[in-house]
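Notes for the structure review
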Amino acid sequence: MTKKIEKSVSSAAAQPAAKGRGRPRKFDTEKVLDRAQHLFHAQGYDRVGIAQLTAEFGMKPPSLYAAFGNKRGLFDAVVERYSAREGQFIAKAIESSSSVREGLRGILISGAEIYSRNRETAGCMVLEGAHRNYENGASDICFEKRCETESHIADFVATEYPDKSKRVANLTMIALAGLSASARTGLSPEALLDFANLSADGLEAFLETKLNQTYRSSGTP
């Protein structure tokens, strides 16, 4: 899906936005998507307007519409690209692991590191967008990507723990969402990393329990 969008965006970007004198205006699609991603990630979909986008790109609104259709089309292209690039740390952690437990720890540690790299764009663009009610249904693609990620993790966990795969994947996504939200509030990288390791410890302990066994608080007999 990402390749199709990138192909269509590149093709549209190479076309003139409107007829007129002189050569048709062209722009660097990658630079446009880079800047748009920064704005959407830092401010959220609703707070970024067409006027701000076109001013940042140095282009006229008709050129943006010709390339992406509208602001929602640009946002969808940005999220697809973000998922295929920044979101690949999950796939890399899985591929480089020798066990499910190692892979889950790698996912959480990588998330803690990546989400806190840039203070202005802290957190995960997809996870933050998935729980917001953006106008024009723009949150839909974020929720879709979140579900795809959870499904990917569940498939991975099922290779060793099929009876616990969905629950562990859900818990992992909750931990990632917590890391993302905490990074956006300015929690230190050290604190995020500590949380990631403690969460991984908890997941490992759960994987070693019997399926129906649940944890009891210290005050429960």
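These figures come from a predicted structure and were not determined experimentally.

Re the packing of helix α2 (residues 29–43) against helix α5 (residues 71–85)
- In the contact formed by α2 and α5, the axes pass within 9 Å of each other and the chain directions differ by 95 degrees. Between α2 and α5, the angle is such that the two are roughly perpendicular. In this structure, α2 contributes Glu30, Leu33, Asp34, Ala36, Gln37, Phe40 and His41 to the contact, and α5 contributes Lys71, Leu74, Phe75, Ala77, Val78, Arg81, Tyr82 and Arg85.
- Here the residues of the contact of α2 with α5 sort into eight nonpolar, two polar and five charged.

Focus on the packing of helix α10 (residues 165–184) against helix α11 (residues 189–208)
- The N-to-C vectors of α10 and α11 enclose an angle of 170 degrees; their axes lie 11 Å apart at closest approach. Classified by the angle their axes make, α10 and α11 are roughly antiparallel. Contact with α10, carried on its side by Arg167, Val168, Leu171, Thr172, Ala175, Leu179, Ser182 and Ala183, involves Leu192, Phe195, Ala196, Ser199, Leu203, Phe206 and Leu207 of α11 and no other residues of that element.
- Across the contact of α10 with α11, the residue classes break down as 11 nonpolar, three polar and one charged.

Details of the nonpolar core
- Counting residues in each nonpolar core, the largest one holds 58 residues, and the members touching the most others are Phe40, Leu53, Leu74, Phe75 and Leu176.
- If one sorts the elements of this core by residue count, α10 sits on top with seven residues.
- With residues near it in sequence (within four places) discarded, phenylalanine 40 still touches Tyr45, Val48, Leu53, Lys71, Leu74, Phe75, Val78 and Met125.

Quick look at the UniProt feature "DNA-binding region" (unreviewed entry) in the protein
- In this structure's numbering, the residues bearing the UniProt feature "DNA-binding region" (unreviewed entry) are residues 49–68.
- Between the first and last C-alpha atoms of residues 49–68 the distance is 14 Å; the span itself is 80% helix and 0% strand.

So, helix α4 (residues 61–68)
- When we look at burial in α4, the residues that qualify are Ser63, Leu64, Ala67 and Phe68. Projected onto a plane normal to the axis of α4, the buried residues spread over an arc of 105 degrees and lie on a single side.
- Backbone geometry just after α4 places glycine 69 at a positive phi near 90 degrees.

Observations concerning the packing of aromatic side chains
- For the structure on display, the rule yields six aromatic pairs.
- Here the aromatic rings of phenylalanine 40 and tyrosine 45 are separated by 5.8 Å at their centres, their planes lie at 20 degrees, and the arrangement is stacked. Summarising the burial analysis for this pair, phenylalanine 40 and tyrosine 45 share the class buried.
- Their ring planes at 45 degrees and their centres at 5.9 Å tell us that tyrosine 45 and tyrosine 134 sit as a pair that is tilted. Residue tyrosine 45 is found in the loop between α2 and α3 (50–57), and its partner tyrosine 134 is found in the loop between α8 (125–130) and α9 (139–158); the two are separated by 89 residues along the sequence. The pair formed by tyrosine 45 and tyrosine 134 is uniform in burial state, with each residue classed as buried.
- An aromatic cluster of at least three residues, connected via ring pairs, comprises Phe40, Tyr45, Phe75 and Tyr134.

Examining the pattern of salt bridges
- According to the stated counting rule, one finds 13 salt bridges in the structure shown.
- Aspartate 76 is the salt-bridge partner of arginine 72, the closest N and O atoms lying 3.0 Å from each other. Pair noted here: arginine 72 and aspartate 76 are both in helix α5, with a separation of four residues, about one helical turn.
- Its relative accessible area of 23% is what places arginine 72 among the partly exposed residues.
- Given a relative accessible area of 17%, aspartate 76 falls into the buried group.
- For arginine 101, the salt bridge goes to glutamate 208, with nearest N and O atoms at 3.6 Å. Taken together, the residues arginine 101 in helix α7 (residues 100–115) and glutamate 208 in helix α11 connect sequence positions 107 residues apart.
- Judged by relative accessible area, glutamate 208 falls into the exposed class, the value being 51%.
- Via salt bridges that share partners, Glu30, Asp34, Arg81 and Arg85 belong to a single interconnected network.

Re the confidence of the model for the protein
- For the protein, the mean per-residue pLDDT works out to 86, and 83% of the residues sit at or above 70.
- At the level of individual helices and strands, the protein shows its lowest average pLDDT in helix α1 (residues 2–13), which scores 42, and its highest in α7, which scores 98.
- Below pLDDT 50 for its whole length, residues 1–25 participates in 27 contacts with residues either more than four positions away or in separate chains.
- For the stretch residues 215–221, pLDDT sits under 50, and the model shows five contacts to residues farther than four places along the chain or on other chains.

Rules behind the numbers
- Residues numbered from 1 in each chain as written.
- Predicted model: local features only at pLDDT ≥ 70, side-chain atom pairs only at ≥ 80, totals over all residues.
- Heavy atoms only, no water.
- Axes fitted to C-alpha atoms, helices over the stretch in contact; angles between N-to-C directions.
- Helix = DSSP H or I, 4+ residues; strand = E, 2+ residues; numbered from the N terminus.
- Parallel < 35°, antiparallel > 145°, perpendicular 65-115°, else oblique.
- Contact = heavy atoms within 4.5 Å.
- Nonpolar A, V, L, I, M, F, W, Y, C, P; charged D, E, K, R; others polar.
- Core = buried A, V, L, I, M, F, W, Y, C linked by side-chain atoms within 4.5 Å.
- Buried < 20%, exposed > 50% of the residue type's maximum accessible area, 1.4 Å probe, protein only.
- UniProt positions renumbered as here; feature names shortened; annotations may be inferred.
- Arc of directions from axis to C-beta.
- Phe/Tyr/Trp six-rings, centres within 6.5 Å; stacked < 30°, edge-to-face > 60°.
- Salt bridge = Lys/Arg side-chain N within 4 Å of Asp/Glu carboxyl O.
- pLDDT = per-residue confidence, 0-100.

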